[in-house]
Amino acid sequence: MASKKYDLIVIGSGPGGYVAAIRASQLGMKVAVVEKAELGGICLNWGCIPTKALIKSAQVFEYIKHAKDYGIKVAEPEADFDAMVKRSRNVADGMSKGIQFLMKKNKIDHIQGFGKIVRKGKVEVSEVKDTDKKIGLVEPTKGKKETYEATHIMIATGARSRELPALPIDNEKIIGYRKAMVMEKQPESMLVVGSGAIGSEFSYVYNAIGTKVTLVEYMDRIVPVEDVDVSKQLEKSFKKSGINVMTSAEVTKVDTKGKKCKVTVKTKKGEEIIEVDVVLSAAGVVSNIEGIGLEENKIKTEKGKIVVDEYYRTNMENVYAIGDVVAGPALAHVASAEAIICVEKIAGMKVEPLDYNNVPGCTYTIPEVASVGYTEKAAKEAGYEVKVGKFPFSASGKASAAGAKDGFVKVIFDKKYGEFLGAHMIGANVTEMIAEVVAARKLETTGHEIIKTVHPHPTMSEAVMEAAAAAYDEVIHL
């Protein structure tokens, strides 16, 4: 039975909300989490985790298809799409149950429903109903409402797919990322709009299992937030795998009347009509800030985000906001870091604001993409004179042995002081390697210190040391 009074109520249970709740409980607060759908939020149920399960299935399928390259004979493989989807959902369900366990372990009350701040220190929770159970969509009802009291209230309500005017999502022929994870059958063809992490990852998955994929990007290169060299390499790898990549292109119209979708794509060369079974809209996300009491309480917003200070305090006393509802990278690990900083500040601890320039970004395509800090272009624009080192995985013994020679590690240092300005990686397992650079930058490590740090051989991570050496003309294996 949930109490009526708390030290902290968190609205939302994603990687920001549940982390905030657990840290607050560890610090002795009485805590409740209000969640309208599944514990764990989008990340665990409809984002980070289930997509990685699908990616792994696609990768294993590719391994089997190329078994002869490793000296192994197997029968012609076949992707079981239904089983892939089922495995992905089972992984997500298991993670969500894990959050339920953590809630109980940390004595956190779980209040099911739609949370809204009604006035200072008061949260009203409405019953919800399913609007599309297959993809986990719910909405508040006019039924039973309960009001809870809290000294502090945190908003961690996350985000959802952005809908473009030319792409009204119907979850039949024009779908969002949720539907892409649980489609009833594998489409023969798909057009993906947007080449950020979501669009690129789904392009990889569906292409790997045999769907004909066209990837459309409005900017002049895919994964446009990454270093330009990474974008070029990923486009090359995608095209090599059979994905039709269209950059400097815009979807202006989708005709869904017939059996197929007729997609009008505007390019520099003119308009082109592409027929596909389904269109996936992956053009970013929009914050979930509607209906949670912002206007009624005059909580400031700007450009669709809640305005907060460096410790995530809103203009309303004892109300905070973290994660995708505030400005900054819409990443799970960012929400978790913000949650801990915010809660520890509430508890009176001495905390440092988050350094957003040292937040890693990862895209789990094959090859993987990982980066942190300045791109080469951004470093120069910031006034740095730079030293740049690049080490290709084609020169790596481990990459050759693994049959994963596509990609490289690129590092950027300040020429004057040796400051580690940034790193950009594309290749096998680089999402596991980027943390080395994040830690090095946090500790203010220089390029020469990286060169003198002994890396195990043979490993993919040697490429970080070799790239640093390349920046200082000391590279051995090039």
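About the criteria used
Position labels on residues start from 1 in each chain and follow its written sequence. Only residues with pLDDT of 70 or above have their local features reported here, since the model is predicted, and side-chain atom pairs are shown and tallied only from 80 upward, although totals for entire chains, interfaces and linings are computed over all residues. Excluding hydrogens and water, the side-chain values take into account all heavy atoms of the structure. Counting from the N terminus, the helices are DSSP H or I runs at least four residues long and the strands are E runs at least two residues long. Take the number of residues in a helix, subtract one, and multiply by 1.5 Å to get its expected span. Only protein chains enter the area calculation, which uses a 1.4 Å probe; residues under 20% of their type maximum are buried, those over 50% are exposed, and those in between are partly exposed. Patch membership requires over 30% relative accessible area and the absence of a salt bridge. Like charges are linked within 9 Å, and nonpolar side chains (Val, Leu, Ile, Met, Phe, Trp, Tyr) within 5 Å. Residue exposure ignores everything except the shown protein chains as possible cover, and the areas themselves are Shrake-Rupley values with a 1.4 Å probe. The salt bridge criterion pairs a side-chain nitrogen of Lys or Arg with a carboxyl oxygen of Asp or Glu, the two atoms within 4 Å. Two strands make a pair as long as DSSP finds a minimum of two bridges between them. Whether two residues touch is decided by their heavy atoms; if any such pair falls within 4.5 Å, the residues are in contact. N or O atoms within 3.5 Å of each other form a polar contact, as long as, within protein, one can give a hydrogen and the other can take it, and as long as residues adjacent in sequence are counted only when both atoms are side-chain atoms.

S.K.: What is the right way to read helix H6 (residues 197–208) from this model?
M.R.: Because an α-helix completes one turn every 3.6 residues, residues spaced three or four positions apart along the sequence face the same direction. With 12 residues, H6 should cover 16 Å at 1.5 Å per step; its first-to-last C-alpha distance of 16 Å lies within 8% of that length. Extensive coverage of H6 is indicated by the burial of 10 of its 12 residues. Within H6, burial applies to Gly199, Ser200, Glu201, Phe202, Ser203, Tyr204, Val205, Tyr206, Asn207 and Ala208. Of the residues flanking the end of H6, it is Gly210, one or two places downstream, whose phi is positive at about 115°.

S.K.: Hey, could you run me through a nonpolar patch on the surface in this one?
M.R.: A cluster of nonpolar side chains, contributed by Val60, Tyr63, Ile64, Tyr70, Ile72 and Val74, occupies part of the molecular surface with about 520 Å² of accessible area. Relative to the elements of secondary structure, Ile72 occurs in the loop between helix H3 (48–65) and helix H4 (81–105).

S.K.: Help me understand the sheet that holds strand S8 (residues 174–175) in this model?
M.R.: The strands that make up a sheet are held in pairs by hydrogen bonds between backbone atoms, and each pair lies either parallel or antiparallel. Spatial ordering of the open sheet is given by S8-S15-S9-S10-S11, a layout of five strands whose pairing is parallel. Edge strands, defined here as strands with exactly one partner in the open sheet, are S8 and strand S11 (244–246). Two elements, strand S9 (residues 189–193) and strand S15 (residues 278–281), share four bridges in a ladder whose sense is parallel. Across the sheet, residue Val192 finds its bridge partner in S15, namely Leu280.

S.K.: Explain the pattern of salt bridges here, please?
M.R.: Where charged atoms of side chains with opposite charge meet at close range, the side chains can pair. Taken as a whole and assessed by the stated rule, the structure comprises 23 salt bridges. A salt bridge links Glu149 to Lys122; its shortest N-O distance comes to 3.4 Å. Of this pair, Glu149 sits in strand S6 (residues 137–155) while Lys122 sits in strand S5 (residues 122–132), placing them 27 residues apart in sequence. What emerges from the salt-bridge pattern is a single network uniting Asp227, Asp229, Glu376, Lys380, Lys390 and Lys410.

S.K.: Looking at this structure, I do not really get the environment of Arg313. What am I missing?
M.R.: Within the secondary structure, Arg313 is located in the loop between strand S18 (305–306) and strand S19 (319–321). When the C-alpha positions of Arg313 and Val205 are compared, they lie 39 Å apart, and in sequence the two are 108 residues distant. Ignoring any residue separated from it by four or fewer positions in sequence, one finds Arg313 in contact with Val307, Val308, Val319, Tyr320 and Lys345. Here the side chain of Arg313 touches Asp309 through a polar contact of 2.7 Å, side chain to side chain.

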